[in-house]
Amino acid sequence: MPHRSLPHPHDQLSLIVALGLIVIWGGNFTLQKYLFDIISPAGFLLARYTLMPLCALMLMRWRFGQWLPPISRQDAWQMARLGFVGHSLHVGLVSYGVHWSTAFSSAVIMSCGPIFTLLILRYKGFERLTMAQICGVALALGGVLMFLSDKLLGGHWRAGGGDLVLLTSSSLFSYYTVAAKPMMERHGPVMVMGYATLWGGLPLLFIAVPLGIEAPWDLLTVWDWLGVLWAVLVSAFLGWLAWGWINTVRGVARTAPLMYLMPPMAGLFAWALSGEHYTGIKIAGAGVTLLGVALAQYAGHFTRKFKV
């Protein structure tokens, strides 16, 4: 008889939420670049990890009726490790990487995350990847390389250090995504996000306070403050919470290729809001990337649907 795997009841909703989140994260690169130029990455990290732990506590209080719901010591250590990798390391590095690079290049480099995700998944044996998914990711990676080709061939090395930092942070986010999934399946996204934010935010807060407190906060307008709140509460806090739920519903392998949609989305925002311009090779790279995403996202689905 044909073997068919039933889709999750929220599979379609999770795809819609994921696409909306990609739009938000794509625009966030330009927003963060703007904010970093005013208050510096340290100032932004100070604001982020002053607000996010408070949000995490309130969310757990609302969801579980307790500020710190009980968990085992083993799970507490695991969530602390997740927080250190996902927040202390990844967020700390990506903030300075975006500051040193451009909004568009930052999105391109960060879209390499699914490559690290696939390598981790194959090594851990968490999920089986179809050949169609692998080919789709490889094609999308080729599109990403097309994005970077004119920069590399042109010898623009000023942002090279930032791109290297972003590449490192991308691998860390992939590790966080894979490592967090079993914990989220056991405890749910709210508890994992809450504790990971608390433990992971503390080291960054201690580091950011001395530098961030000297930022020119008085230069921020009302719209700038709204931008800070959007970047911290919507893009970061709610975004990470939604991303964990999406991976739980759809699986890491099916969700990871969607990250390739961020470069063209970030490119549109950067072009419209900050005046970045792109060559024909970058536009072609966007098309190749989208083709790879479509193949990775849907070819595996059709293969399972018609498999006998």
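Residues numbered from 1 in each chain as written. Predicted model: local features only at pLDDT ≥ 70, side-chain atom pairs only at ≥ 80, totals over all residues. Heavy atoms only, no water.

1. A short note on the overall build of the protein chain
Applied cut-off: Each helix is a run of DSSP H or I of at least 4 residues and each strand a run of E of at least 2, with the numbering of both proceeding from the N terminus. Reported accessibility uses the Shrake-Rupley method at a 1.4 Å probe radius. Residues are deemed covered only where the shown protein chains occlude them.
Across its full length, the protein chain holds 11 helices and zero strands. On the protein chain, roughly 14900 Å² of surface is accessible, and the fraction owed to carbon and sulfur atoms is 72%.

2. Concerning empty space enclosed by the protein
Where empty space is left can be seen by rolling a probe of water-molecule size over the atoms. Filter applied, for reference: Cavity means a closed set of points on a 1 Å grid over the protein atoms alone, one where a 1.4 Å probe fits but cannot get out, pocket means an open set with protein on both sides within 12 Å along at least 5 of 7 lines, and lining means a residue has an atom within 4 Å of a point. Grid points are joined across faces, edges and corners, and a volume is the space filled by probe spheres set on the points. In this classification, the charged set is Asp, Glu, Lys and Arg, the nonpolar set is Ala, Val, Leu, Ile, Met, Phe, Trp, Tyr, Cys and Pro, and all remaining amino acids, among them Gly, are polar.
On inspection of all chains with the given rule, the structure shows three cavities of 30 Å³ or more. By volume, the largest cavity amounts to about 280 Å³. Lining the largest cavity we find 17 residues, and of these Trp25, Asn28, His90, Val94 and Trp240 sit closest to its centre. Of all elements in the fold, only helix H1 (11–64), helix H2 (73–100) and helix H8 (222–250) reach the threshold of two or more residues within the lining of the largest cavity. Here the lining of the largest cavity takes five residues from H1, the largest share from any one element. Looking at the lining of the largest cavity, its residues break down into 11 nonpolar, five polar and one charged.

3. A few points about the nonpolar core
The test is simple: Residues belong to a common nonpolar core when they are buried Ala, Val, Leu, Ile, Met, Phe, Trp, Tyr or Cys residues joined through side-chain atoms within 4.5 Å. The cut-offs for exposure are 20% and 50% of the maximum accessible area for each residue type, with area from a 1.4 Å probe on protein chains only; residues under the lower value are buried, those over the upper are exposed, and the others partly exposed. In what follows, a contact means two residues having at least one pair of non-hydrogen atoms within 4.5 Å.
In this structure, Trp25 and Phe29 are the most contacted members of the largest nonpolar core, which totals 81 residues. Looking at this core element by element, the count peaks at 19 residues for H1. Here Trp25 is in contact with Phe173, Ser235, Gly239, Trp240, Trp243, Met259 and Met262, once residues within four sequence places are set aside.

4. Some points on the pattern of salt bridges
Heads up, the condition is: Any carboxyl oxygen of Asp or Glu within 4 Å of a side-chain nitrogen of Lys or Arg constitutes a salt bridge here.
Evaluated as defined, the whole model comprises three salt bridges. For Arg186, the salt bridge goes to Asp75, with nearest N and O atoms at 3.2 Å. On the criterion of sequence distance, the pair formed by Arg186 in helix H6 (residues 160–187) and Asp75 in helix H2 is long-range, its members being 111 residues apart.

5. Things to note about the packing of aromatic side chains
Ring pairs (aromatic) are described by centroid distance and by the angle formed between their planes. The cut-off we apply is this: Pairs were defined over the aromatic rings of Phe, Tyr and Trp, the Trp ring being its six-membered one, requiring ring centres within 6.5 Å. Orientation was assigned from the angle between planes: stacked under 30 degrees, edge-to-face over 60, tilted for the rest.
Under the defined criterion, the tally for this structure stands at nine aromatic pairs. Considering the side-chain rings of Phe173 and Tyr176, the 6.5 Å spacing of their centres and the 20° angle between planes classify their relative orientation as stacked. Here Tyr176 and Phe173 lie together in helix H6, a separation of three residues that amounts to about one turn. Across the pair, Tyr176 and Phe173 agree in class, each one buried. Seen in terms of ring centroids, Phe173 and Trp240 are 5.5 Å apart; in terms of plane orientation they differ by 70°. Their pairing is edge-to-face. Placement of Phe173 in helix H6 and of Trp240 in helix H8 is noted, with a sequence separation of 67 residues between them. Residue Phe173 shares its accessibility class with Trp240, and that shared class is buried.

6. With respect to helix H7 (residues 189–212)
Rules: A helix's residues, less one, multiplied by 1.5 Å, set its expected span. To obtain the bend at a residue, axes are fitted to the seven residues ending there and to the seven starting there, and the angle between these axes is taken.
Here H7 contains 24 residues, and its C-alpha end-to-end distance of 30 Å is more than 12% below the 34 Å for a straight helix at 1.5 Å per residue. Along its length, H7 shows its largest kink, about 35°, at Gly201, and proline Pro203 lies within four residues downstream of that point.

7. Some words on the confidence of the model for the protein chain
Any segment with low pLDDT has predicted coordinates that should not be analysed in fine detail. Put simply, the rule is: As a per-residue measure, pLDDT tells how confident the predictor is, with possible values from 0 to 100.
On average, the protein chain scores 84 in pLDDT, and the residues at 70 or more come to 89%. Mean pLDDT across the elements of the protein chain bottoms out in helix H11 (residues 280–305) (68) and peaks in H1 (94). Taken together, the stretch residues 302–308 has pLDDT below 50 and engages in seven contacts with residues farther than four places along the chain or on a different chain.

8. Considering the packing of H1 against H7
Let me state the cut-off plainly: For helices, the fitted axis covers only the stretch in contact; all axes are lines through C-alpha atoms, and the angles between them, taken along N-to-C directions, range from 0 to 180 degrees. By the definition adopted for this analysis, an angle is roughly parallel if under 35 degrees, roughly antiparallel if over 145, roughly perpendicular if from 65 to 115, and oblique otherwise. With the far helix as reference, a near helix turned anticlockwise by less than a right angle produces a left-handed crossing, and one turned clockwise produces a right-handed crossing.
Their axes nearest at 8 Å, the elements H1 and H7 cross at an angle of 155°. Between H1 and H7, the interaxial angle falls into the category roughly antiparallel. For H1 against H7, the interelement crossing comes out left-handed.

9. A few points about the side chain of Asp11
Along the chain, Asp11 falls in helix H1. The class for Asp11 is buried, based on a relative accessible area of 12%.

10. What about the environment of Ile120?
Following the sequence through the fold, Ile120 ends up in helix H4 (residues 113–124). Using a relative accessible area of 17% as the deciding quantity, one classes Ile120 as buried. Spatially, the C-alpha atoms of Ile120 and Val178 are 7.5 Å apart, while their sequence positions differ by 58 residues. Leave out the neighbours within four places in its chain, and Ile120 touches Ser174, Tyr175 and Val178.

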